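# Structural characterization, general
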Amino acid sequence: MSTTHENYGTWSRPLKKTGLVGFLTTVDHKRIGVGYAIGALFFLLVGGVEALIIRLQLMSPENNLVDAVTYNQLFTMHGTTMVFLAVMPLSAAFFNFIMPLQIGARDVAFPRLNALGLWCFFAGGIIVNLSWFYQAAPDIGWFGYAPLTSKQYSPDIGTDFWIIGLLILGIASLAGAFNFITTILNMRAPGLSMMRLPVFTWMTLITSFLIILAFPPITIALVELLFDRHFGTHFFNVAGGGKPILWQHIFWIFGHPEVYILILPAMGIVSEVLPVYARKPLFGYPLVVFSGAVIGFLGFAVWSHHMFTTGLGIVATSAFAFLTMLISIPTGVKIFNWIGTLWGGRIRFTTPMLYALGFIWMFMMGGFTGIMHASPPVDAQQQDSYFVIAHFHYVLIGGSIFALLCGIYYWFPKVTGKLMDDAMGKILFYTVFFGFNMAFFPMHILGMTGMPRRTHTYKAEMGWAEPNFWSTIGALILGLGIASVVIQIIYSCFKGKKADSNPWDARTLEWATSSPPKEYNFGYTPIIKARDQVWENNHGTAEKKMDKIAPDHHGIHMPDQSWWPLIVSIGLFIAGLGTVFNHQPWGMLIPFLSSESIITLFHITAPGLLITVLGIYMWALEGPGGYHLHPDPEELKGAIDPKESGLWE
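Quick summary incoming for the structure in this document. (Residues numbered from 1 in each chain as written. Predicted model: local features only at pLDDT ≥ 70, side-chain atom pairs only at ≥ 80, totals over all residues. Heavy atoms only, no water.)

A word on the overall build of the chain. Across its full length, the chain carries 20 helices and nine strands. In terms of overall size, the chain behaves like a compact globule, its C-alpha atoms giving a radius of gyration of 25 Å where 649 residues would be expected to give roughly 26 Å. Across its three principal axes, the chain shows a C-alpha extent of roughly 75 × 65 × 50 Å. Burial status across the chain gives 55% buried among its 649 residues. Taking contacts inside the chain between residues at least 6 apart in sequence as the whole, the part at least 24 apart equals 81%. Put simply, the chain shows about 26,100 Å² of open surface, and 70% of that area lies on carbon and sulfur atoms. (Helix = DSSP H or I, 4+ residues; strand = E, 2+ residues; numbered from the N terminus. Rg over C-alpha atoms; globule rule 2.2 N^0.38 Å. Buried < 20%, exposed > 50% of the residue type's maximum accessible area, 1.4 Å probe, protein only. Contact = heavy atoms within 4.5 Å. Areas by Shrake-Rupley, 256 points an atom, 1.4 Å probe, with all protein chains shown as cover.)

With that out of the way, let us pick up the packing of helix 14 (residues 422–448) against helix 15 (residues 465–495). For the pair helix 14 and helix 15, the least separation of the axes is 7 Å and the interaxial angle reads 150°. Relative to helix 15, the element helix 14 is oriented roughly antiparallel. Once helix 14 is placed against helix 15, the crossing between them reads as left-handed. Each residue belonging to the contact of helix 14 with helix 15 can be placed in one class, and the counts come to 19 nonpolar, nine polar and no charged. (Axes fitted to C-alpha atoms, helices over the stretch in contact; angles between N-to-C directions. Parallel < 35°, antiparallel > 145°, perpendicular 65-115°, else oblique. Left-handed = near helix turned anticlockwise from the far one by under 90°. Nonpolar A, V, L, I, M, F, W, Y, C, P; charged D, E, K, R; others polar.)

Next up on the list: the side chain of His29. Counting through the fold element by element, His29 comes out in helix 2 (residues 29–57). Take His29: its relative accessible area is 0%, and that puts it in the buried class. Side-chain polar atoms of His29 contact the backbone oxygen of Asn96, separated by 2.6 Å. With residues near it in sequence (within four places) discarded, His29 still touches Asn96, Phe97, Pro100, Leu101, Arg106, Asp107, Val108, Asn114 and Asn521. (Polar contact = N/O pair within 3.5 Å; in protein donor to acceptor, adjacent residues only side chain to side chain.)

Take the environment of Thr310 next. Structurally, the position occupied by Thr310 is in the loop between helix 8 (285–298) and helix 9 (314–326). Sequence separation between Thr310 and Phe283 is 27 residues; the distance between their C-alpha atoms is 42 Å. Residue contacts for Thr310: discarding those within four places in its chain leaves Ile245 and Gln248. A polar contact is formed between the side chain of Thr310 and the backbone oxygen of Met307, at a distance of 2.6 Å.

Our focus in this paragraph is the packing of aromatic side chains. To describe a pair of aromatic rings, one takes the distance between the centres and the angle between the planes. Tallied over the entire structure, the rule returns 47 aromatic pairs. Relative to Phe251, the ring of Trp142 lies with its centre 5.5 Å away and its plane at 70°, an arrangement referred to as edge-to-face. Highlighted residues: Trp142 in the loop between helix 4 (111–133) and helix 5 (158–186) and Phe251 in helix 7 (residues 244–278), separated in sequence by 109 residues. Trp142 gets classed as buried once you look at its relative accessible area, which sits at 18%. Taking relative accessible area as the criterion, Phe251 reaches 1% and is therefore assigned buried. (Phe/Tyr/Trp six-rings, centres within 6.5 Å; stacked < 30°, edge-to-face > 60°.)

So, on to the nonpolar core. Residues Phe94, Trp247, Trp338, Tyr355, Phe359 and Tyr410 are the most contacted members of the largest nonpolar core, which totals 180 residues. Filtering out sequence-adjacent residues up to four positions away, Tyr410 remains in contact with Glu272, Val273, Val276, Tyr277, Pro352, Trp504, Ala506 and Trp511. (Core = buried A, V, L, I, M, F, W, Y, C linked by side-chain atoms within 4.5 Å.)

All right, on to the pattern of salt bridges then. A full pass over the atoms with the stated rule returns 12 salt bridges. We note a salt bridge from Asp384 to Arg454, for which the minimum N-O separation is 2.9 Å. Of the two residues, Asp384 sits in the loop between helix 12 (376–382) and helix 13 (386–416) while Arg454 sits in the loop between helix 14 and helix 15, which places them 70 residues apart along the sequence. Residues joined in a network through salt bridges with shared partners are Asp384, Arg453 and Arg454. (Salt bridge = Lys/Arg side-chain N within 4 Å of Asp/Glu carboxyl O.)

Here we come to a nonpolar patch on the surface. Taken together, Val223, Phe227, Phe231 and Phe235 make up a surface patch of nonpolar side chains, about 330 Å² in accessible area. Of note, Val223 is situated in helix 6 (residues 199–230). Classification of Val223 by relative accessible area gives partly exposed; the value is 34%. (Patch = residues over 30% accessible without salt bridge, like charges linked within 9 Å, V, L, I, M, F, W, Y side chains within 5 Å.)

Another point: the environment of Leu130. When you line up the elements, Leu130 lands in helix 4. C-alpha separation for the pair Leu130 and Leu577, spaced 447 residues apart in sequence, amounts to 9.9 Å. The residues contacting Leu130, other than those within four sequence positions of it, are Phe161, Phe573 and Leu577.

Quick look at the environment of Gly124 now. Along the chain, Gly124 turns up in helix 4. Accessibility expressed as a relative area gives 0% for Gly124, which makes it buried. Expressed as a C-alpha distance, the spacing of Gly124 and Pro100, which sit 24 residues apart in the sequence, is 26 Å. Apart from the residues within four sequence positions on either side, Gly124 is in contact with Gly165, Ile168 and Leu169.

What follows concerns helix 13. Along helix 13, the helix axis deviates most sharply at Tyr410, where the bend reaches about 45°; the proline Pro413 sits within four residues downstream. Burial runs high along helix 13: 28 of the 31 residues are buried. In the stretch just after helix 13, Gly417 is the one whose phi turns positive, near 80°. (Bend = angle between axes of the 7 residues up to and from the residue.)

Below, the discussion takes up helix 7. Compared with the 51 Å implied by 1.5 Å per residue over 35 residues, the 51 Å span of helix 7 between its first and last C-alpha is a close match. Of all the bends in helix 7, the greatest measures close to 30° and is centred on Trp252. Within helix 7, 29 of the 35 residues are buried, which leaves the element mostly enclosed by the surrounding structure. Trailing helix 7 by a residue or two, Arg279 shows a phi angle of about 55°, which is positive. (Expected span 1.5 Å × (residues − 1).)

Bringing the side chain of Thr81 into the picture now. Inspection of the secondary structure puts Thr81 in helix 3 (residues 68–102). With relative accessibility at 0%, the residue Thr81 sits in the buried group. At a separation of 2.6 Å, a polar atom in the side chain of Thr81 contacts the main-chain carbonyl oxygen of Met77. Apart from residues lying up to four places away in sequence, Thr81 is in contact with Phe43, Gly47, Glu50, Ala86 and Asn129.

What follows deals with unusual backbone geometry. Most peptide bonds are trans, and most residues other than glycine sit at a negative phi. Residues Ala146 and Pro147 are joined by a peptide bond in cis, for which omega reads 5°. Locating Pro147 in the fold gives a position in the loop between helix 4 and helix 5. For the bond from Ser515 to Pro516, the omega torsion is -5°, close enough to zero to count as cis. Notably, Asp384 is not glycine yet its phi reads approximately 60°, a positive angle. Exposure remark for Asp384: the relative accessible area of 31% places this residue in the partly exposed category. For Asp505, which is not a glycine, the phi torsion comes out positive at approximately 55°.

Structural data, given as structure tokens:
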């Protein structure tokens, strides 16, 4: 493989692709996907430690491991971390690495914007968790209900860390969503029609639309809350004419589509894995795709089922109850299609398959209790009880996390070129499966017997000690299992057995490349003739085998690396810290300084915004850049000369 460089802009660009400089300046979608995965797995462990401390506190009655304030901080940070810093970024890791390969693209549409998303993810995650180091972690719940977030009830800077961190994380999510939509709609390989797209790519597309439509409401709500806290507005202050319930409406207009932002990628992963290990095509492909779109659409119509006890009135409550029951239909369609895929298949019970089957069972368990909550009288009894905690953990851990672990084991050979040990993977699956059910099934009993959520202790005579004890034991087993999976991932990166390009005899286009893929993904332009193109290449008829078109004499154009996405995110980070510490003593920001002078918004926020604006300006001046790669002749065996293909006429 040879390389030729060209630079269209005034500014020199980094060329080193290895080491720290290579990572900080990369625009390669694969390396960015790995970056998301590393960050997400780290925050998954952080959120898990927070959860274990919560469970240890509740292991016995009137325990005093942590006090009430620390407990409130723990469940706030646990929920925030798991939703925004673990599950969403781990899905984004798969979007970044796998989706361009599945559609035959050489990168995403906007590589530098993609890099900005990664660095904003890290910047937002650091800001949210910096609150621990200043002994000011937010204690408002991951949902931040007003008026608990007002200066009156939360006078310290913990809530400000939470607001600013989420705003920067929103930039990361929106940057990725616009990128993925543009890439899928405009950069598919020739012949890859929309109804030939892999289901995972379809779910990436639908999820990206959900992000674009759901994140503006929460962004507006966070800005309003920021203005209430710093500039004297009264959006959520009753004394000033505001309405606390307005926060609930805006938050859940975001929050319920967010549930499907977390679960649709999981459904896409399972829809890819089941056909491979059942050795037959996905049953009812059009229905699986259509039901995903319907779920995304209806997800915006059910937000107030989180608010049945707020006094909406009979008409609104009835409408949202009906719509909540309605959304279970497309979900049921998917489950029946997955069962249809398994029916009559020659099933191989590998580790990815076990996680996929575990996902179906766990998600069904969570779905059954979700249908119960669709009934307002039932919901009124279970509201703010441990039954609700059991429900959403079965959906979001039993659902999302099981599917994401399934995807890790399935695509690990593609990402690293190494195999994870299947026997150890199965042992860890049963550990995670057993620990999860032992941790969360007793919570149904706790909820039905009246234990409220968000309480840091309880009396022995309440009868909740035994279920809490076994729930904590299960949580410790679950934590051991997840930590062991992360260790196995790290170990396998270095010591795993070498993998073939397609060790599973998989069906979709990412398995047509080498493992790991070359920098340019494909040394040729693939011409798609079937939905399961790789399976057709290996087992199908001659007329359905994929054609290849060689690149012209210029080779393959690739985007140059850039410092500016990182610099823009640093500017946002500094501006965010300035907003958090507005009107705080300098010694609060830098503890070893004894100065009592006040930090005003201008001192830090303005330089941060200046760095951000200048970074964007220099980004624009940088020019497209780029370089050309020339694949080895071995990769182009059987490829058609571009002049003879007629494709570009």
